[in-house]
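Residue-level listing of the chains:
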Amino acid sequence: MNKLISSDRPAGAFEEALPLGAGRLGAMIYGGVERERISLNYDELWTGFPRDENRDCAEYFKKARELTLEGRVKEAEELIEKSIASADVQSYQPAGSIIIERGVKAEDTSDYERVLDLGTAKAEVRYKIKGVQYENAYFTSAVRDCLVIKLTSGEGGDLNIRLESPLKNEAGADGLCYYLDGECMFDSKPNVNKERDKTYSDKDCERGIRFRIAVTAVSDGETAYSRSGVSVKTARQTFVFAVIESSFNGYKKHPYLEGKEYKNAAVKKVKDAAVFGYGELLSEHIKDYKQYFDRVEFHIDGMDRSELPTEKRLELFQSDKNDPGLYELLFDFGRYLMICGSRKGSQAMNLQGIWNEQTTPPWRCDYTVNINTEMNYWPSLPCDLREMQEPLDELITGLADRGRETAEKYYGARGFCAHHNTDIWRAAQPVSGRAVWLFWPLAGGWLCRHLFEEYEYHRDVEFLKNTAYPVMLSACRFYLDVLITDGDGYLIFCPSTSPENVYRYKDGACAVDVTSTMTMSIIKELFENTLRAADVLVDTDPALDEIKAALPKLLPIRTGGDGRITEWYEERPEAEPGHRHLSHLYGLYPGRLITPEKTPELARAAELSLDMRGDEGTGWSLAWKINLRARLYQGDRALDLLNMMLRPARGSSGGVYPNMFDAHPPFQIDGNFGAAAGIAEMLMQSDEETIRLLPALPGAWKSGYVRGLRANGGAKVDITWKDGKITGYRISGGEPRKIVSVR
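Predicted model only: the values in this text are computed from it and were never measured.

Run through the nonpolar core, naming residues and quoting values.
Counting 233 residues, the largest nonpolar core has Tyr-336, Phe-527 and Trp-701 as the members making the most contacts within it. The residues touching Tyr-336, leaving out its near neighbours within four places in the chain, are Pro-19, Leu-20, Leu-116, Leu-118, Ala-121, Tyr-289 and Phe-293. Counting 17 residues, the second-largest nonpolar core is a separate cluster that includes Val-148, Val-270, Ala-274 and Leu-282.

Residues and numbers for the side chain of Arg-364, please.
Tracing the backbone shows Arg-364 in the loop between α6 (325-341) and β16 (367-368). Setting aside chain neighbours within four positions, we find Arg-364 in contact with Asp-88, Val-89, Gln-90, Ser-91, Tyr-92, Ser-188, Pro-190 and Asn-421.

Pulling in residues and values, what's your account of the pairing of strand β5 (residues 96-102)?
In terms of residue burial, β5 counts as a mostly covered element, since 6 of its 7 residues are buried. When strand β4 (residues 35-42) meets β5, the two strands line up antiparallel, connected through 6 bridges. By the bridge assignment for β5, Arg-37 is matched with Ile-99. Where β5 and strand β9 (residues 146-164) come together, 6 bridges link them in antiparallel fashion. Note that in β9 the partner of Glu-101 across the bridge is Asn-160.

Explain the environment of His-579 to me, using residue names and the numbers behind them.
Mapped onto the secondary structure, His-579 falls in the loop between α13 (543-550) and α14 (600-613). By relative accessible area, His-579 is classed as buried at 2%. The spacing of His-579 and Glu-616 is 37 residues in sequence and 9.3 Å in space, taken between C-alpha atoms. Excluding anything up to four places from it in sequence, His-579 contacts Pro-499, Glu-500, Asn-501 and Arg-613. One polar contact links the side chain of His-579 to the main-chain carbonyl oxygen of Glu-500, over a distance of 2.7 Å.

How would you sum up helix α5 (residues 310-317)? Please name residues and give values.
By the burial criterion, the buried members of α5 are Thr-310, Arg-313, Leu-314 and Phe-317. Taken around the axis of α5, the buried residues stretch over an arc of 100°, which confines them to a single face. Where the residues of α5 are buried, they touch β1 (4-7), α6, α16 (635-645) and β22 (655-656).

Give me the sheet that holds strand β25 (residues 690-693): which residues, what numbers.
The strand order across the open sheet built from 3 strands is β24-β25-β29, with neighbouring strands paired in mixed fashion. One side of each edge strand has no neighbouring strand; the edge strands of this open sheet are β24 (684-686) and β29 (738-741). With direction set aside, neighbouring strand axes in the sheet form an average angle of 15°. Looking at chain direction, β24 and β25 are connected through 3 bridges and run antiparallel. Paired with Ser-686 across the strands is Ile-691, a residue of β25.

I'd love a proper account of the layout of surface pockets, names of residues and values included.
Reported here for the second largest pocket is a volume of approximately 330 Å³. Contributing to the lining of the second largest pocket are 18 residues, with Trp-363, Thr-368, His-420, Asn-421 and Glu-500 lying nearest its centre. By residue class, the composition of the lining of the second largest pocket is 5 nonpolar, 9 polar and 4 charged.

How would you sum up the pattern of salt bridges? Please name residues and give values.
Applying the stated criterion across every chain, the model contains 71 salt bridges. Ionic pairing is found between Arg-51 and Glu-53, a salt bridge with its closest N-O pair at 4.0 Å. Relative accessible area serves as the criterion here: at 23%, Glu-53 is assigned to the partly exposed category. Between Asp-323 and Arg-313 there is a salt bridge whose closest N-O contact spans 2.7 Å. With Asp-323 in the loop between α5 and α6 and Arg-313 in helix α5, this pair connects stretches of sequence that are 10 residues apart. In terms of burial, Asp-323 and Arg-313 fall into one category: buried. Salt bridges here are not isolated pairs; linked through shared partners, they connect Arg-24, Glu-44, Asp-145, Glu-245, Lys-260 and Lys-269.

Describe the packing of α6 against helix α17 (residues 670-683), and please don't skip the residues or the numbers.
At a minimum axis distance of 8 Å, the contact between α6 and α17 shows a crossing angle of 120°. In this view, α6 runs oblique relative to α17, as classed from their interaxial angle. For the element pair α6 and α17, the recorded crossing hand is left-handed. For the pair α6 and α17, the contacting residues are Tyr-327, Leu-330, Phe-331, Phe-333, Gly-334, Leu-337 and Met-338 in the first and Asn-672, Phe-673, Ala-675, Ala-676, Ile-679 and Ala-680 in the second. When grouped by side-chain class, the residues that make up the contact of α6 with α17 number 11 nonpolar, 2 polar and no charged.

So what about the environment of Arg-580? Which residues, and what values?
Mapping Arg-580 onto the fold places it in the loop between α13 and α14. On the basis of relative accessible area, Arg-580 is assigned to the partly exposed category, the value being 24%. Sequence separation of Arg-580 and Trp-620 is 40 residues, and the distance between their C-alpha atoms is 8.6 Å. Ignoring anything within four residues of it in the chain, the contact list for Arg-580 reads Glu-500, Thr-618, Trp-620, Ser-621 and His-664.

Rules and cut-offs
- Residues numbered from 1 in each chain as written.
- Predicted model: local features only at pLDDT ≥ 70, side-chain atom pairs only at ≥ 80, totals over all residues.
- Heavy atoms only, no water.
- Core = buried A, V, L, I, M, F, W, Y, C linked by side-chain atoms within 4.5 Å.
- Buried < 20%, exposed > 50% of the residue type's maximum accessible area, 1.4 Å probe, protein only.
- Contact = heavy atoms within 4.5 Å.
- Helix = DSSP H or I, 4+ residues; strand = E, 2+ residues; numbered from the N terminus.
- Pairing = 2+ DSSP bridges.
- Polar contact = N/O pair within 3.5 Å; in protein donor to acceptor, adjacent residues only side chain to side chain.
- Arc of directions from axis to C-beta.
- Axes fitted to C-alpha atoms, helices over the stretch in contact; angles between N-to-C directions.
- 1 Å grid on protein atoms, 1.4 Å probe; cavity = no way out; pocket = protein on both sides within 12 Å on 5 of 7 lines; lining within 4 Å.
- Points joined across faces, edges and corners; volume = space filled by probe spheres on them.
- Nonpolar A, V, L, I, M, F, W, Y, C, P; charged D, E, K, R; others polar.
- Salt bridge = Lys/Arg side-chain N within 4 Å of Asp/Glu carboxyl O.
- Parallel < 35°, antiparallel > 145°, perpendicular 65-115°, else oblique.
- Left-handed = near helix turned anticlockwise from the far one by under 90°.

By themselves, these observations are geometric and do not establish any function.
And the structure:
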């Protein structure tokens, strides 16, 4: 089937535009006729600069712990919000837009088509004006870090190309190059004193990241450059090349005082791309992209509606689910976004990947590390995209560095910790606001599972030794220092929260409790994985003896009177029974503390918890539930959730926008990645002992195949099935595993 996202009209909003990406460089294709707008992002453009937001708060943490143990949880919560809360993290910023104006009238347009081909990572716009054919082609080269545009018309015409930016900027021209120089805001809007509303600073020590967008054009007509833009006269064919460079020089260096050279670098890069030429760049781009995208292939037999515009296809799907290619498209789109949004040398993907048009985006477009950043990378290993996880590894190691001071100042502990949010500067402190989100120092533990899983999938001992294990051991030291004994002799982390959820307490609600199930699950899994890593490396660090002594004393996952897994230390009444977070089920997915085979009673309790929480939710919450149902081998329930994800996004419900972006709402990209991971989980699951084939295949997916999934231990897995039964499979490479054929 064709792997196309398409529309029969220009995009009227960001959520309708087509995303292109090259790791650091992102573009959104609107496909306008009279005025084409291509919005641009560069993943190094954030507000702020390195600064120390850590404060000496250990005494307040200890006091909050005392209050919590005395049962004065509301007082503990108030103390945390008053005395531990710190500055918000910084915001991801848009670079600007390329504006291309033609001397034509949109009302004369016919046969309009705007298409993104996931198979080649190339977008095209085609239309006619009074019988004359116009065609535009767009791609972003990860090899050259460059946006390339080909503009063709059946008759010679004029073009005007210019740059815009919502940030402070100044345009100019340099020989055969037109450019815009910009500067990011000095601080995130939530941190700015509203009385002065200081967006930019004239003090060198407060100047933000600077950048240059550079554009050059090659045409068969007359081309002229000025501060106003690029003017092209009487051209049938024009090639436009655009690059961005910034002064960002690492999370420890000030981007103004210690920033890297970016102006000449941008000019050189764009001119080099133009000399290389469109055809060579396109061939190089497709070869580079397909080496990753073609590793995995997923197909379900059935009707093909790919000829329909995607928006209409989604609408039809609501009344007629006989469109299996839509599941394939959702899966492929998640892999596409990962290849486009996360490359060697880029930053990790944030709440919107790399695509953002707002200077004050929702939730600052930051890294929310209580699930959202982690979900962004759930498909990377099973979908054989380890290379795309490298920016996440870099984010984690940076947090481990910055988080050491946070652990010491806020908790009086060794090792490192990180809280609910971070940014390009690797901030690790609690943010401002309510305890329900600011007080959650478990991000480091969760992120460590990504490092260890990367070793599990690829058995790269050097990576384990030099990158993963030191970070894991540092995280362990933090948790060892904050664990205390409860009244029943269990070790707990007190006080604790369960991300973004509260329970009913007296006449209101409270987020703080003695501990929480997610807190203890993350710590237990981290301790177990660290000991396994130490065995591989034959390490004898003294902290390992502490871990071995603490592990059997950790508070276990418990169930309540109704049979469900408890979210809190006590069996608390829920303030929001259908809450979007399912933190207490971390042990089922992404963790492996709960399995139907080894812990059947807990698996049943997890199922009850899912049932009571309900199916409805935001986009990423639906994606999490897909993975949880898959781990319980409930394929039809997982499919129900996939169908809900494929709803056109409206109002407050999750779903997808016309360009297939996931809706929180508003747009959050994590649901796209969570859905791709969920489909992979439905088709194949693996751990250190077993590979399970088609463990959660829905009845509606009667026949099909999947090729190239990667299993724990390194094996590549191909599966073919017909009428719900496996007709063949191939396991190649990797370490030996028990093969369980569920069908």
